[in-house]
Amino acid sequence: MGKVFKYGDNIDTDVIIPARFLNIMDRKELATHCMEDIDIDFAKNVLHGDIIVGGANFGCGSSREHAPMVIKENGISCIIAISFARIFYRNAINIGMPILECREACERIEVADEVTIDFDTGLITNHTKNENYQGQPFPQFIKEIIQAGGLMNWIGK
Amino acid sequence: MGMTMSQKILADKAGLSQVAAGELIYADVDMVLGNDITTPVAIREYEAYHCGEVFNKDKISIVLDHFTPSKDIKAAELCATCRDFANKNNIEHFYDVGTMGIEHALLPEQGIVAAGELIVGADSHTCTYGALGAFSTGFGSTDMAAAMATGKCWFKVPAAIKFELTGKPREWVSGKDIILYIIGKIGVDGALYKSMEFTGEGIRYLSMDDRFTIANMAIEAGAKNGIFPVDESTQAYMKDRVKRPYRVYSADLDAIYDKTYTIDLSAIEPTVAFPHLPENARPAKDATDIKIDQVIIGSCTNGRFSDLAIAAAILKNRRVAKNVRTIIIPATQQIYLDAMKAGYLETFIKAGCAVSTPTCGPCLGGHMGIMAAGERTVATTNRNFIGRMGHVASEVYLASPAVAAASAVRGSICTPDLL
């Protein structure tokens, strides 16, 4: 169960983690700058298990894996969006950051709502509103990568 | 069932006779690319998993270009990590200060990428090489680590959108205007997860540099890749550069496209994308009241020789406007040298511009042209997101080198014919 941070369409990798911080290798330090150009208090307010709800084309822009990495580092348990930018989508899978596509959830869930997610079925439950939304679950191949603990484990190294 | 050009390359590289949109495949890659921001994260993964020797030292390119020459101690440490890894693994295509250029200008120039190849890179603008008829796409650092270890990468086979280009572009209209116009038409997620396949008789009017610019910005429409057919111009470009056999693919006649757009190149005007998305495209002539503080001509999108030639033609015997900081960055050492021989650097300096060694610097807000609050830049770069080139209250207007150079002279957004 987590509280919701809600953002709009086209949340780009520059606002998720601005390029001026990409010289920082330490994940914990980098994570303190997550979202700061559009939500200065995000890193201060986020708690382990919280959820990000975006709009269309979440994570557009750069290939920087630092973007899903800092979201994960901040303890976000899932990102729900109408759609994800392609590179962000595969980066999230490769590092084991759960994401789900669901238009209805993005339209209905509000900031204070408490939400849980079943990753096997893609079912999103909004306990505050007592509603369910059917998200798009991952295909089997991608589930295998996630179950293996990410791409590097999956390739068997 | 017919396949698109992109699908045919992916099928071959996966050892399959047929693939369809949506299918998940595992394919052999011909080149793996990383830069000074993404490679250190890949190296951390690579070493954490004890991957041993890289799959092929000749099929990995590491280019230090984003914060390079190093802008601070932390960036220097990123570069040192890359340098050590490249030395330890005898990486053939390792480019450091003095030999480096902006990666997506450098790799085609050096013949490192070619038609028909499958190229993956830990940089979103890796889609640039689609101009050569290659399948090339951006990915992240964990993908880069896995690809360096195995020479393979997983792909979801993309559906495609066909862009039928007709007509001949007008004077001062280049690849940048065309791609800004297209993104303005379809939006920043208009080609999400898909291939943008360019076709049509209008392509013959496009130089290779125009095609690189267009393919480069396919990612700004959300595309997985952008790809051009291989014609005489492509073959002429590769002739003295690519020293190995390459393969020319073309789409099947019955290939399936989700959508087809016909783009009349003769109807496109010099175009500017307003803050804060590349889709906010408008004719430059409608934006001439916008005063600017800085002009950047460079980047992997528009820092090539022909871009500098256009800028030099406009700046020759002119001065940039007072209070407009104009920074020109040739994309590679070779372009820098060629621009010097052609007299362009003298033209730029006499016009009041600063000229720099190759770097991605200002494009991503790294260094060399960062803006303060309230400032505006006209840039030939590829993104104008909030805070992209400095303060969150600064603004980036995307434009061609012609519009950027004319704007530098006038001090506000301007097309060359208005000078």
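Along every chain, residues carry numbers that run from 1 in the direction the sequence is written. Labels are handed out in written order, letters beginning with A for the chains and numbers beginning with 1 for the ligands. Totals for whole chains, interfaces and linings use all residues, but because this is a predicted model, local features are given only for residues with pLDDT of at least 70 and pairs of side-chain atoms are given and counted only at 80 or more. Side-chain descriptors were evaluated using all non-hydrogen atoms of the structure, hydrogens and water having been removed beforehand.

Taking an unreviewed UniProt entry as the reference, chain B is identified by name as 3-isopropylmalate dehydratase large subunit belonging to Hydrogenoanaerobacterium saccharovorans. The record in UniProt for chain B states the following under Sequence similarities (unreviewed entry): "Belongs to the aconitase/IPM isomerase family. LeuC type 2 subfamily." UniProt positions are given in the numbering used here, feature names are shortened, and annotations may be inferred rather than shown by experiment. The record held by UniProt for chain B lists under Pathway (unreviewed entry) the comment "Amino-acid biosynthesis; L-leucine biosynthesis; L-leucine from 3-methyl-2-oxobutanoate: step 2/4."

Looking at an unreviewed UniProt entry, chain A carries the name 3-isopropylmalate dehydratase small subunit, with the source organism given as Hydrogenoanaerobacterium saccharovorans. If you open the UniProt record of chain A and go to Pathway (unreviewed entry), you find "Amino-acid biosynthesis; L-leucine biosynthesis; L-leucine from 3-methyl-2-oxobutanoate: step 2/4." As its UniProt record puts it under Subunit (unreviewed entry), chain A is described as follows: "Heterodimer of LeuC and LeuD."

(A) Structural detail: the pattern of salt bridges. Salt bridge, as applied in this entry: a Lys or Arg side-chain nitrogen positioned within 4 Å of an Asp or Glu carboxyl oxygen. Within the structure shown, the criterion is met by 33 salt bridges over all chains. Between R103 of chain A and E107 of chain A there is a salt bridge; the shortest N-O distance is 3.4 Å. With a gap of four residues between them, R103 of chain A and E107 of chain A both fall in helix α6 (residues 103-108), about one helical turn apart. One salt bridge in this structure joins E395 of chain B and R376 of chain B, with 2.9 Å as the shortest N-O distance. Here E395 of chain B, found in strand β18 (residues 395-398), pairs with R376 of chain B, found in strand β17 (residues 376-379); they are 19 residues apart in sequence, far enough to count as distant. Each of D14 and R64 of chain A together with R388 of chain B takes part in salt bridges that share partners, so that together they form one network. The way it works is that DSSP assigns letters per residue, a run of H or I at least four long becomes a helix, a run of E at least two long becomes a strand, and they are numbered from the N terminus.

(B) Main features of helix α8 (residues 232-239) of chain B. Residues and elements named next belong to chain B. Buried means the residue's accessible area, taken with a 1.4 Å probe over protein chains only, is under 20% of the maximum for its type, while exposed means over 50%, and partly exposed covers the values in between. T234, Y237 and M238 are the residues of α8 that are buried. Looking straight down α8, one finds that the buried residues subtend no more than 90° of arc, so they occupy a single side. Exposed positions of α8 whose direction lies more than 90 degrees from the buried face are E232, A236 and K239. Two residues qualify as a contact provided that any one of their heavy atoms is within 4.5 Å of a heavy atom in the partner residue. Of the surrounding elements, those touching the buried residues of α8 are α4 (103-109) and α7 (208-216). For α8, the N-terminal capping position is held by D231, with its side-chain oxygen 3.0 Å away from the main-chain nitrogen of S233. Directions from the helix axis toward the C-beta atoms define the arc. In the analysis that follows, any N or O atom pair within 3.5 Å is treated as a polar contact, provided that within protein one partner can donate a hydrogen and the other can accept it, and provided that, for residues neighboring in sequence, both atoms belong to side chains.

(C) Expanded view of the packing of helix α6 (residues 175-186) of chain B against α7 of chain B. Residues and elements named next belong to chain B. Packing of α6 against α7 leaves a shortest axis separation of 8 Å and a crossing angle of 30°. Between α6 and α7, the crossing angle belongs to the class labelled roughly parallel. Crossing hand, α6 versus α7: right-handed. For the pair α6 and α7, contact is made by G175, K176, I178 and I179 and by D210, T213 and I214, respectively. Any residue that is not Ala, Val, Leu, Ile, Met, Phe, Trp, Tyr, Cys, Pro, Asp, Glu, Lys or Arg is counted as polar, Gly included; the first ten are nonpolar and the last four charged. Of the residues in the contact of α6 with α7, the class split is three nonpolar, two polar and two charged. Where helices are involved, their axes are fitted lines through C-alpha atoms of the stretch in contact, as for all axes, and angles between N-to-C directions lie from 0 to 180°. Should an angle fall under 35 degrees it is called roughly parallel, over 145 degrees roughly antiparallel, and 65 to 115 degrees roughly perpendicular, with every other angle called oblique. Helix crossings fall into two classes, left-handed where the near helix is turned counterclockwise from the far one by less than a right angle and right-handed where it is turned clockwise.

(D) The arrangement of the UniProt feature "binding site: [4Fe-4S] cluster" (unreviewed entry) in chain B in detail. Residues and elements named next belong to chain B. Feature annotation in UniProt places "binding site: [4Fe-4S] cluster" (unreviewed entry) on C300, C360 and C363, given in this structure's numbering. These residues run over 64 residues, yet every pair of their C-alpha atoms falls within 9.1 Å of each other. By the secondary structure assignment, C300 is in helix α9 (residues 299-302). C300 gets classed as buried once you look at its relative accessible area, which sits at 8%. Apart from the residues within four sequence positions on either side, C300 is in contact with I102, H104, H125, N216 and N382. Mapped onto the elements, C363 comes out in the loop between β16 (354-355) and β17. Beyond its immediate chain neighbours, meaning those up to four positions away, C363 contacts S299, T381, N382, R388 and M389.

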